[in-house]
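Listed below, chain by chain, are the residues.
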Amino acid sequence: MDAGLLFQMLLAVLGAIVLYTFIGFVPGTDETSVLMPVTLAVVLAGVQPIVVLTFFISAIITLNLMNAIPTALVGLPGGVMSTPMIEHALYLKERGMAATSIKKMATGSIIGTAIAIPVSLLLANILAPFSDSVKEYAPLLFVFGAIFLSLIGKNKLLALISIIPLGLLFQGLRYLYWGIGAVPQEKNVTVSFFLGITIGPLLVSLLGLLNKQSREALPRHEKNEIKLNKVDETHSLRHPLQTITKKEAGTSAVVSLLSNFLFFLSPVGLTILFGEAMANKEKDPVKKASMAITSMSALSHATYLSGVIIPLIALGIPLSPVAVGPANALFNAPPVFTLDHNIHHLLSKGEFVFAIVFAGVLASIITYFVAMKYARQMTAFVLKKVPHEAILGLFIGFILLLAYMDAGLINIFGVLLVGIVCGTLNKMGVNYGVQFMILYAAPWITTHLIFK
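What you see is a predicted model; the values in this text were computed from it and never measured.

A. Examining the overall build of the protein chain more closely. Looking only at helices and strands, the protein chain has 21 helices and zero strands in total. Taking 452 residues into account, the globule formula puts the C-alpha radius of gyration at 22 Å, and the protein chain, at 21 Å, falls close to it. Overall, the protein chain is about 65 × 60 × 40 Å in size when its C-alpha atoms are taken along their principal axes. Burial status across the protein chain gives 55% buried among its 452 residues. By sequence separation, contacts in the protein chain at least 24 residues apart represent 80% of the contacts at least 6 residues apart.

See below:
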């Protein structure tokens, strides 16, 4: 590996840290909607595959930790993965332990990353010899994935009912584009539909404001006054394991290890399941909250890392909610990457290991330092100076641009249709994971389950 490529990897790590440090502090963003479009842009810009992988690993480590900081300081979830921590973080905040929460979350992230990277690399190598067999049944696995995620979701029956109609919608739009010549027959429009799913709930909320009656019925609130308590920075940069108890460290390590073997399940579901199970073993409320935020922070990193590393190295196709969601551009970003020609096929095992370890170590060290030292100052800056609406507007505009690039003007309206349908279903309880799986299962569904 030459010095020039190593320098690019270093720039990718630093760029991801800077970008997602600020995005991570913006409350209410979704991991998929802020990770996938930017990663796609990096891929389409022609960046070297190993640099793209380095960027993405750094981004998810940074984003998952930084998303948790607003949760600890002001009770606002930065992203979906930090939502399970809200109740416990608020409990500690009310007792003047916001600084303690941040330290425990930061330490949990270090543990989760340290466990997930080597274990995921090991599991990926174990599964690699079976990749051809798995790929052969991949379309069917997507169908089973949609069914399984439906059964563990909030609205099980609606999610199951939506599988075939959504499959018809996605594949129907593809046939429309082929029929009118918007795209050639060999092109399978997927990425822009995927992005339509990610902005669905936001799109539905924005379009709902155009309805005068609905707009007038919305509740009115006074300005939300947020107070940031001064964080005691004494010993703020001490050794990570000195900020948590041995029991918290051991528990976080165990749940992080177990989550790697369940990489094909929902990261949020695993975080809630394992995090609450471990926390409920504590009787003291403070110890319970501390155990919960530490183990959940570790889980958020472990589930995301295993969810991308194992499918990417072992299979080359997205067979986990993380791979189908935020990491999708690593697998499928035409014309640069396709399911038959992506990072899995372009990098050697040695390059995979080096890129992941390089990004993981650097991103963990830097984000730990930032979280422990500057969390309060950065939260205050983002809340005061960076409008939430500006970030969301930027990503919506970016997604519509990519939709135009994917299949022309008609696809902007196609993506709007996908966004409205999927956003409505999302608000009714059909989560992203189910919808992403249906998107990939749509060709099989229409071919095998819909009879002429």
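B. Inspection of helix α14 (residues 285-315) at higher detail. Look at α14: 43 Å from first C-alpha to last across 31 residues, which is about the 45 Å you get at 1.5 Å a residue. Here α14 lies mainly inside the structure; 27 of its 31 residues are buried. Sitting at the amino-terminal end of α14 is D284, which places a side-chain oxygen 3.1 Å from the backbone nitrogen of V286.

C. Main features of the pattern of salt bridges. Following the criterion strictly, the structure yields three salt bridges and no others. Residue D406 pairs with K187 through a salt bridge whose shortest N-O separation is 3.4 Å. Taken together, the positions of D406 in helix α19 (residues 388-407) and K187 in the loop between α8 (156-180) and α9 (191-198) put the pair 219 residues apart, joining distant regions of the chain. K187 gets classed as partly exposed once you look at its relative accessible area, which sits at 25%.

D. Seen up close, a nonpolar patch on the surface. A grouping of L44, L401, Y404, M405, L409 and F413 is seen on the molecular surface, where their side chains present a nonpolar patch of about 630 Å² in accessible area. With three residues, the single largest contributor to the nonpolar patch is α19. When you line up the elements, Y404 lands in helix α19. By relative accessible area, which is 47% here, Y404 ends up partly exposed.

E. Representation of the environment of I410 in the model. Relative to the assigned elements, I410 resides in helix α20 (residues 409-428). Put simply, I410 and Y177 are 233 residues apart on the chain and 8.3 Å apart in space, counted from C-alpha to C-alpha. When near neighbours in sequence (up to four residues on either side) are disregarded, I410 contacts L176, Y177, I180 and A182.

F. Representation of the side chain of S256 within the structure. Note that S256 resides in helix α12 (residues 246-260). Judged by its relative accessible area of 0%, S256 falls in the buried class. Dropping the residues within four chain positions of it, S256 is found in contact with G112, I115, A298, L299 and A302.

G. Quick look at the side chain of T271. Tracing the sequence through the fold places T271 in helix α13 (residues 267-279). Of note is the side chain of T271, whose polar atom sits 2.8 Å from the backbone oxygen of P267. In contact with T271, other than residues within four places in its own chain, are M81, P84, E276, M296, L299, S300 and T303.

H. Here's a closer look at the packing of α9 against helix α21 (residues 432-448). Following both chains from N to C, one finds α9 and α21 inclined at 165 degrees, their axes separated by 10 Å at the closest point. Taken as axis vectors, α9 and α21 run roughly antiparallel relative to one another. Where α9 crosses over α21, the handedness of that crossing is right-handed. Taking contact as the criterion, the partners of F193, F194, I197 and T198 in α9 are, on α21, Y432, Q435, F436 and L439. For the contact of α9 with α21, the per-class residue count stands at six nonpolar, two polar and no charged.

I. Molecular detail of the nonpolar core. Judged by nonpolar contacts, the single largest core of 104 residues is most densely connected at Y20, L53, I57, F170, V308, L330 and I343. With 11 residues, the top contributor of residues to this core is helix α3 (residues 49-74). Ignoring any residue separated from it by four or fewer positions in sequence, one finds I57 in contact with L305, V308, I309, I356, A359 and G360. Within the second largest apolar cluster, 21 residues are counted, among which are M85, A98, A289 and V370.

J. How the structure looks around helix α7 (residues 138-151). Here α7 is 14 residues long and its end C-alpha atoms lie 20 Å apart, about the 20 Å a rise of 1.5 Å per residue gives. Taken residue by residue, α7 has A138, F142, V143, G145, A146, L149 and S150 as its buried positions. Summarising the axial view, the buried residues of α7 lie within an arc of 160 degrees, below the 170-degree limit, and thus occupy one face. Against the buried residues of α7 lie α6 (131-136), α8, α15 (321-324) and α21.

K. Quick look at the packing of aromatic side chains. For the coordinates displayed, the defined rule picks out six aromatic pairs. Ring centres of F170 and F193 lie 6.3 Å apart, and the angle between their planes is 25 degrees; this geometry places the pair in the stacked category. Highlighted residues: F170 in helix α8 and F193 in helix α9, separated in sequence by 23 residues.

L. A look at unusual backbone geometry. Following P334, the chain continues into P335 via a peptide bond in cis, with omega recorded as 5 degrees. By the secondary structure assignment, P335 is in the loop between α16 (328-331) and α17 (343-346).

M. Expanded view of the environment of S320. With respect to the helices and strands, the residue S320 is situated in the loop between α14 and α15. The buried category is assigned to S320, whose relative accessible area is 0%. C-alpha separation for the pair S320 and P267, spaced 53 residues apart in sequence, amounts to 9.4 Å. Sequence-distant contacts of S320, defined by excluding residues within four places in its chain, comprise F263, F264, G307, P311 and M437.

Here is what the cut-offs are and how they apply
Residue numbering note: each chain is counted from 1, following its sequence as written. In keeping with the model being predicted, local features are shown solely for residues with a pLDDT of at least 70 and side-chain atom pairs are shown and tallied solely at 80 or more, while totals for entire chains, interfaces and linings include all residues. Here the side-chain values reflect all heavy atoms present in the structure, with hydrogen atoms and water set aside. In this description a helix means any DSSP run of H or I spanning at least four residues, a strand means any run of E spanning at least two, and both kinds are numbered starting from the N terminus. Throughout, the radius of gyration refers to the C-alpha atoms, and the reference size of a globule is 2.2 Å times the residue count to the power 0.38. Buried, partly exposed and exposed residues are distinguished by accessible area as a fraction of the type maximum, computed with a 1.4 Å probe on protein chains only: under 20%, between the cut-offs, and over 50%, respectively. Residue contacts are defined here by distance: any two heavy atoms, one from each residue, within 4.5 Å place the two residues in contact. By this rule the span expected of a helix is its residue count minus one, scaled by 1.5 Å. Identification of polar contacts relies on pairs of N or O atoms within 3.5 Å, with a donor-acceptor requirement for protein atoms, meaning one able to donate a hydrogen and the other able to accept it, and with residues adjacent in sequence counted only if both atoms are side-chain atoms. One speaks of a salt bridge when a side-chain nitrogen belonging to Lys or Arg is within 4 Å of a carboxyl oxygen belonging to Asp or Glu. Residues enter a patch when their relative accessible area is above 30% and they make no salt bridge; the linking distance is 9 Å between like charges and 5 Å between nonpolar side chains (Val, Leu, Ile, Met, Phe, Trp, Tyr). In this description, accessible areas are obtained by the Shrake-Rupley approach with a 1.4 Å probe, and a residue is regarded as covered only by the protein chains that are shown. Fitting a line to C-alpha atoms yields each axis, with helices limited to the stretch in contact; the angle taken between N-to-C directions then spans 0 to 180 degrees. Oblique is the label for any angle not under 35 degrees, not over 145, and not in the 65 to 115 range, which are roughly parallel, roughly antiparallel and roughly perpendicular in turn. Less than a right angle of anticlockwise turn of the near helix away from the far helix marks a crossing as left-handed, whereas a clockwise turn marks it as right-handed. Each residue is assigned to one class: nonpolar for Ala, Val, Leu, Ile, Met, Phe, Trp, Tyr, Cys and Pro, charged for Asp, Glu, Lys and Arg, and polar for all the others, Gly among them. Here, nonpolar core refers to any group of buried Ala, Val, Leu, Ile, Met, Phe, Trp, Tyr and Cys residues whose side-chain atoms link them within 4.5 Å. This arc is taken over the directions from the axis of the helix to the C-beta atoms. The aromatic pairing rule takes the rings of Phe, Tyr and Trp, using the six-membered ring of Trp, and pairs them if the centres are within 6.5 Å, calling planes under 30 degrees apart stacked, those over 60 edge-to-face and the rest tilted.

Taken by themselves, the reported measurements are silent on function.
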